[in-house]
Amino acid sequence: MKGIRRVVELDPDTIAAVGDLQPREGVEADITFEVDEEGDYTVDSRLTDRTFHSLQSEVDADLGKRGKNKGYYIDLHDLMRYYKKHDQVPKDNEAIHLLAESALYNWLPGTFWLAELSPDQHLEFIRSVPDENQIRNTICKSLVLADEQDSFEDYVSNSSSMQYPRFSASDYRDLFGQSIEDRYSNLRSPYKKIQHGAIELKLDFKSLNNELIRENIPKLAAEWIDCDDDNKRSRLKYAIKDLELRLTASLLSGDIED
């Protein structure tokens, strides 16, 4: 808000609400006033629901940064905060795309966010993400789990993988034709379970379902934020990745009834 006059014209409830807000880019109050013939005025002030939730305002600010810089991604720490309090994060398509792209940039599939889309929209997102070294392996894993071999071939044919010898399209290509359970077992991390704090999960295909996955990803993100051990943080991040890959299989493969 600009100028003391605009502040004193607010009603007391709105002043109290504004006092509780953290100053962040994108937080605004809509203030209007009307002056009658006798010179008296009526003030109408409104704070949108998104303004009251700081994480929603932060995502709005992230979207503003993406609008100015197409190479902008949410960093891993903020991304984990969004995973932890996902119920406060906006779920419109623009926000979902930025959150999922930022997850991919941090070596996560982003399926937790893409689950808000229809399967067709989810697949279209995966097919359309630009080829970059940070995301290539994860995109290929998602396409394999979705049994999208044609899309996989289109993706790798346009890939700049020759610059990165560690990337081998043939390793992924060999998985097509296998059962969805075998595909997942070959694509997830070598860890078979996660045990941290109150969280204990078997990371095998049959032990997981969508409800369990959606319930535990925010818990794992909260543990990641509170953890100060790099090795444990790595394990927690791998667990989120493995859960998202399993969610990808459930959402995009026709072989699973959750």
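Predicted, not measured: the structure shown is a model, and the values here were computed from it.

(A) Region of interest: the overall build of the chain. Within the chain one finds 14 helices and four strands. Sequence-distant contacts, at least 24 apart, represent 64% of the contacts inside the chain between residues at least 6 apart.

(B) Spatial organisation of the packing of aromatic side chains. In total, this model carries seven aromatic pairs according to the counting rule given. On the basis of an interplanar angle of 50° and a centroid distance of 5.5 Å, the ring pair of Tyr83 and Phe112 is categorised as tilted. You can see Tyr83 sitting in helix 5 (residues 76–84) and its partner Phe112 sitting in helix 7 (residues 111–114), a full 29 residues away along the chain. With relative accessibility at 8%, the residue Phe112 sits in the buried group. We note Arg233 situated over the ring of Trp224; from NZ or CZ to the ring centre the distance is 3.8 Å.

(C) Summary view of the side chain of Thr111. Within the secondary structure, Thr111 sits in helix 7. One polar contact links the side chain of Thr111 to the main-chain carbonyl oxygen of Glu244, over a distance of 3.3 Å. When sequence neighbours within four positions are dropped, the list of residues in contact with Thr111 reads His122, Glu244, Leu247, Thr248 and Leu251.

(D) Highlighting the pattern of salt bridges. What the rule picks out here adds up to nine salt bridges. Close ionic contact of Arg81 with Asp78 constitutes a salt bridge, the shortest N to O distance being 2.8 Å. Within this pair, Arg81 and its partner Asp78 are both found in helix 5, separated by three residues, close to a single helical turn. Residue classification places Arg81 among the partly exposed residues on the basis of a relative accessible area of 22%. The partly exposed category is assigned to Asp78, whose relative accessible area is 23%. Residues Glu124 and Arg127 are paired through a salt bridge, measuring 3.8 Å at the closest nitrogen-oxygen approach.

Conventions used here
- Residues numbered from 1 in each chain as written.
- Predicted model: local features only at pLDDT ≥ 70, side-chain atom pairs only at ≥ 80, totals over all residues.
- Heavy atoms only, no water.
- Helix = DSSP H or I, 4+ residues; strand = E, 2+ residues; numbered from the N terminus.
- Contact = heavy atoms within 4.5 Å.
- Phe/Tyr/Trp six-rings, centres within 6.5 Å; stacked < 30°, edge-to-face > 60°.
- Buried < 20%, exposed > 50% of the residue type's maximum accessible area, 1.4 Å probe, protein only.
- Lys NZ or Arg CZ within 6 Å of the ring centre and 35° of its normal.
- Polar contact = N/O pair within 3.5 Å; in protein donor to acceptor, adjacent residues only side chain to side chain.
- Salt bridge = Lys/Arg side-chain N within 4 Å of Asp/Glu carboxyl O.

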